[in-house]
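Close look at the chain arrangement
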Amino acid sequence: MNACMSAGVSTDHESLSTEDAIERLRAGCHLMMREGSAARNMTECLKAITEHKLDSTMCSIVTDDLHTVDAVERGHLDDAVRTALKNGIDFVTAVQMVTVNAARAFNLDREIGALAPGRRADIIISEGPEDFKVLSVISGGNLVVEDSKLIKCYDKVEHKACLLNTIKLSKKITAEDLMIKVDKEAKEAKVKVMRTLDWIPITFGQEAILPVKDGVVECDLEQDILYIAQVERHGKNGNIGKAFMGGFNLKSGAIASSVGHDNHNIIVLGTNFEDMALAVNRIADIQGGQVLVNNGEVICEVEYPILGLLSDLDAWELASQKKILNSKIHELGCTISIPFMFLSFICLAAIPEYAVTDYGFIDVMQQIINPVFELIK
């Protein structure tokens with residue numbers, strides 16, 4: 001922590017516990033209390049203020065990976081403020097943590113974060129601390145929400161050509177491309193599996209023995225060990241990184257997405273190579289999005305045509321499509337509540353402990369490693 005601060009880091013949003021929060025504040029780091037969809041850590045972080053009486057002016061509230069469905073059904077930072085109020089933060093302090101404190105952390109308090117001359121007129125009018133319901137929204141001086149209803153119509157944007165058609169596979173992906181091959185004489189393989197927690201997408205390692213058939217290491221649904229791969233999609237090198245994944249409990253089919261921190265290649269998880277290959281190729285066909293495939297058929301999909309990351313749909317329609325997609329995945333046994341958001345973090349080779357990139361299986365401390373470390377003949 002001290003080394004990071006000495007290097008110039010001034011804010012941090014990765015606190016998972018009260019102890020983490022205290023460590024940041026005592027080091028002079030601005031504490032961002034995260035309350036997203038994949039990680040809800042604010043309740044523990046708030047104890048640094050409510051129980052340990054540390055200075056709230058060095059704290060702000062952030063979302064970090066907020067699911068579309070949560071944004072529509074629960075709210076955005078207004079929902080986080082309600083959580084803060086329920087956990088003993090007084091009304092003024094809670095509001096400061098989503099306005100002026102955040103602005104000061106980025107040296108933007110001369111432009112935003114306060115109701116004062118010269119600041120941008122981004123204003124909400126809400127009910128009091130009892131429920132903090134947002135009634136009206138003024139954006140840049142213009143009334144856009146009145147009586148909790150959107151009154152301004154936003155036309156669909158004409159996108160520049162460089163933002164579209166960005167999925168550039170070097171070739172159509174086949175089932176064989178996704179296989180982890182070993183010596184054909186092997187009967188079993190000792191492998192390293194990365195397994196995600198079910199409440200936050202942080203991975204840890206696990207050793208397992210998997211069967212080998214005709215030189216291909218097979219997954220094992222009984223052990224909840226699936227295939228996972230990342231396919232380079234920017235037309236740079238055609239790399240495919242492969243590994244084994246636990247924690248999702250998918251019992252059939254495959255899911256793929258063009259949203260994956262921080263490289264945003266195509267990440268695919270599945271129980272068989274054929275469905276995985278179809279899912280990857282379907283992502284390329286629709287030029288980005290999230291797809292569910294089962295038994296050789298595309299079951300459900302949501303398109304993200306802008307950079308393979310964004311949708312032109314309004315929040316309500318997008319949330320509706322996402323709910324259907326997630327429910328279909330849950331029907332196939334997946335126990336992760338928001339599977340695609342968790343999947344996007346499995347690409348992130350900067351957080352503990354394991355990940356997969358287009359270059360291969362990543363141990364964050366050692367970098368690229370082979371998921372197969374011993375063969376049994």
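Report follows, based on the coordinates. All residue numbers here refer to positions counted from 1 along the written sequence of the relevant chain. Confidence filtering applies because this is a predicted model: local features only for residues at pLDDT of at least 70, side-chain atom pairs given and counted only at 80 or more, and all residues used for totals across whole chains, interfaces and linings. Side-chain descriptors were evaluated using all non-hydrogen atoms of the structure, hydrogens and water having been removed beforehand.

1. Quick notes on the packing of helix 2 (residues 18-26) against helix 3 (residues 42-50)
Throughout, an axis means a line fitted to C-alpha atoms (over the contacting stretch in the case of helices), and angles, computed between N-to-C directions, take values from 0 to 180 degrees. By definition, any uninterrupted DSSP run of H or I lasting at least four residues is a helix, any uninterrupted run of E lasting at least two residues is a strand, and each is numbered from the N terminus. Between helix 2 and helix 3, the shortest axis-to-axis distance is 7 Å and the interhelical angle comes to 55 degrees. Between helix 2 and helix 3, the angle falls in the class oblique. Here helix 2 runs over helix 3; the crossing is right-handed. On the side of helix 2, the interface is formed by Thr18, Ala21, Ile22 and Leu25, while helix 3 contributes Glu44, Cys45, Lys47 and Ala48. What sets the label is the angle itself: under 35 degrees gives roughly parallel, over 145 gives roughly antiparallel, 65 to 115 gives roughly perpendicular, and the rest give oblique. A crossing counts as left-handed when the near helix is turned anticlockwise from the far one by less than a right angle, and as right-handed when that turn is clockwise. Should any heavy atoms of two residues lie within 4.5 Å, those residues are counted as being in contact.

2. Considering the pairing of strand 2 (residues 30-34)
Accessibility here uses a 1.4 Å probe with only protein chains present; expressed as a share of the type maximum, an area under 20% marks a residue as buried, one over 50% as exposed, and anything in between as partly exposed. Taken across its five residues, strand 2 has five buried, putting it largely inside the fold. A two-sided burial pattern is seen for strand 2, the buried positions comprising His30, Met32 and Arg34 on one face and Leu31 and Met33 on the other. Being paired, for any two strands, means DSSP has found at least two bridges between them. Bridge count for strand 1 (residues 11-12) against strand 2 is two bridges, and the pairing is parallel. Bridge pairing links Asp12 to Leu31 in strand 2. By convention, orient the strands away from the viewer: a clockwise path from the first strand over the helix to the second makes the crossover right-handed. In this region the chain leaves strand 1, passes through helix 2 and returns to the parallel neighbour strand 2; the handedness of that crossover is right-handed. Following the backbone out of strand 2, through helix 3 and into the adjacent parallel strand 3 (residues 59-62), one traces a crossover that is right-handed.

3. Structural notes on helix 5 (residues 77-86)
The element helix 5 is extensively covered by neighbouring structure, given that seven of its ten residues are classed as buried. Residues of helix 5 that are buried include every one of Asp79, Ala80, Val81, Arg82, Thr83, Ala84 and Leu85, and no others. Each element contacted by the buried residues of helix 5 is listed here: helix 3, strand 3 and helix 6 (91-96). Backbone geometry just after helix 5 places Gly88 at a positive phi near 95 degrees.

4. Brief notes about the state of the cysteines
Between two cysteines, a covalent bond joining their sulfur atoms is known as a disulfide. Throughout, a disulfide means two cysteine sulfur atoms within 2.5 Å of one another. Taken as a whole and assessed by the stated rule, the structure comprises zero disulfides. Not part of a disulfide, Cys29 finds its nearest cysteine sulfur in Cys4, a span of 8.7 Å. As a non-bridged cysteine, Cys347 has Cys334 as the owner of its nearest cysteine sulfur, 15 Å distant. Among the residues examined, Cys347 registers a relative accessible area of 2% and is labelled buried.

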